[in-house]
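These are the residues of each chain, in order.
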Amino acid sequence: MEPGTPIRCEMTKWGDRPHWRFSGILLGSDEHGDWLGFPEGTHNHRPGYEFRSDVDAVTLVPAGRWYVATFHEPGVWCDLYVDITTPPTWEGDVLRAVDLDLDVIRMSRVPAAPPPGRVAGPGEVFVDDEDEFAEHQVAFGYPAEVVQQAQASCDELVRAVRAGLPPFDGAHRRWLAELTRLTRSPSS
């Protein structure tokens, strides 16, 4: 696919249960993986909930890794939201992965109203939905290897995000600029 190609993200929960669906554009690739762009106003929906994004965001899809990482422009409660998933796969212009509940989140350094229940401070990194991960291991029958891979990925990501290691070192800024160029240029 070429940069600027429209794409769809179709996430599921274990057992092919529907989860998040949203559209965006392919921005390009670098040493970290594929980068996807989601302009402000992108419609995100899953069974029972939907919203339109308040700011631009870019998502890193690293090949063969157990996560997708979304970096947000300032103006929302977090600047980084990493979903622990099965390794994402492309089927044409559709990205698919199974969301495995765990999330590594870095709160925005700029004060923004967090959603109810969030108590972390500015810039703090934490793991969310550990209770859901434990419940779903039993309810959905996660295989032991999936549990192990998800937890190992989560632990590694917490360390990398806190240390500011690549790609959590600002590498996403280039791609936010590219999203702006592709979606707000006079020819778009």
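In this text the structure is predicted, and so the values were computed from the model without any measurement. Here the residue numbers are simple positions, counted from 1 along each chain's written sequence. For a predicted model such as this one, the threshold for reporting local features is a pLDDT of at least 70, and the threshold for listing and counting side-chain atom pairs is 80 or more; totals across whole chains, interfaces and linings nevertheless cover every residue. Each side-chain value is derived from all of the structure's non-hydrogen atoms; neither hydrogens nor water enter the calculation.

K.L.:
Where do I start with the pairing of strand 8 (residues 78-85) in this structure?
P.N.:
Here is the key point about a regular strand: its side chains alternate between the two faces of the sheet. Burial analysis of strand 8 places eight of its eight residues in the buried class, which makes it a mostly covered element. Across five bridges, the pairing between strand 7 (residues 67-72) and strand 8 is antiparallel. Opposite alanine 69, over in strand 8, you have valine 82 as the bridge partner. The criterion for strand pairing is that DSSP finds at least two bridges linking the strands in question. To qualify as a helix, a DSSP run of H or I must reach at least 4 residues; to qualify as a strand, a run of E must reach at least 2; elements of each kind are numbered from the N terminus. Here strand 7 folds back onto strand 8, and the loop between the two strands holds five residues, one of which, glycine 75, carries a positive phi near 125°. In terms of strand pairing, strand 8 meets strand 10 (residues 94-107) through six bridges, oriented antiparallel. Each residue of the ladder has a partner; that of cysteine 78, found in strand 10, is methionine 107. Each residue is assigned to one of three classes by its accessible area relative to the maximum for its type, calculated with a 1.4 Å probe on protein chains only: buried under 20%, partly exposed between the two thresholds, exposed over 50%.

K.L.:
Any chance you could explain the pattern of salt bridges here in plain terms?
P.N.:
Here the idea is simple: oppositely charged side chains can pair when their charged atoms come close. Put simply, a salt bridge is a Lys or Arg side-chain nitrogen that is within 4 Å of an Asp or Glu carboxyl oxygen. Applying the stated criterion across every chain yields a total of eleven salt bridges. A salt bridge links glutamate 10 to arginine 8; the nearest nitrogen and oxygen atoms lie 3.6 Å apart. Ionic pairing is found between arginine 184 and aspartate 56, a salt bridge with its closest N-O pair at 2.7 Å. Taken together, the positions of arginine 184 in helix 3 (residues 172-184) and aspartate 56 in the loop between strand 5 (49-52) and strand 6 (57-61) put the pair 128 residues apart, joining distant regions of the chain. Taking the relative accessible area as the measure of exposure, arginine 184 reaches 44% and is therefore partly exposed. The buried category is assigned to aspartate 56, whose relative accessible area is 7%. Among the charged side chains, a salt-bridge network with shared partners connects Arg8, Glu10, Glu91 and Arg96.

K.L.:
Whenever I open this one, the environment of glutamate 178 confuses me. Can you help?
P.N.:
Note that glutamate 178 resides in helix 3. The exposure class assigned to glutamate 178 is buried, which follows from its relative accessible area of 18%. Between the C-alpha atoms of glutamate 178 and leucine 60, which are 118 residues apart in sequence, the distance is 14 Å.

K.L.:
I keep staring at the nonpolar core and nothing clicks. Help me out?
P.N.:
Considering soluble globular proteins, one finds that nonpolar side chains tend to be buried as a cluster. For the purposes of this section, nonpolar cores are sets of buried Ala, Val, Leu, Ile, Met, Phe, Trp, Tyr and Cys residues that join through side-chain atoms within 4.5 Å. Grouped together as the largest cluster of nonpolar side chains are 31 residues, with contacts concentrated most on Val104 and Phe168. Contributing elements (two or more residues each) for this core: strand 2 (17-30), strand 6, strand 7, strand 8, strand 10, helix 2 (144-163) and helix 3. For this core, the element with the highest residue contribution is helix 2, accounting for eight residues. Two residues qualify as a contact provided that any one of their heavy atoms is within 4.5 Å of a heavy atom in the partner residue. Leave out the neighbours within four places in its chain, and valine 104 touches Leu80, Tyr81, Val82, Ile84, Val125, Phe126, Cys154, Leu157, Val158 and Val161. Counting twelve residues, the second-largest nonpolar core is a separate cluster that includes Ile7, Cys9, Trp20 and Leu36.

K.L.:
Whenever I open this one, the packing of aromatic side chains confuses me. Can you help?
P.N.:
When the centres of two rings from Phe, Tyr and Trp lie within 6.5 Å, Trp using its six-membered ring, the rings pair. Their planes under 30 degrees apart give stacked, over 60 give edge-to-face, and anything left gives tilted. Per the counting criterion, the structure on display carries twelve aromatic pairs. With centroids separated by 5.9 Å and ring planes inclined at 40°, the aromatic side chains of tyrosine 49 and phenylalanine 51 adopt a geometry described as tilted. Phenylalanine 51 gets classed as partly exposed once you look at its relative accessible area, which sits at 32%. Through pairs of rings, three or more aromatic residues link up here, namely Trp35, Tyr67, Phe71, Phe168 and Trp175.

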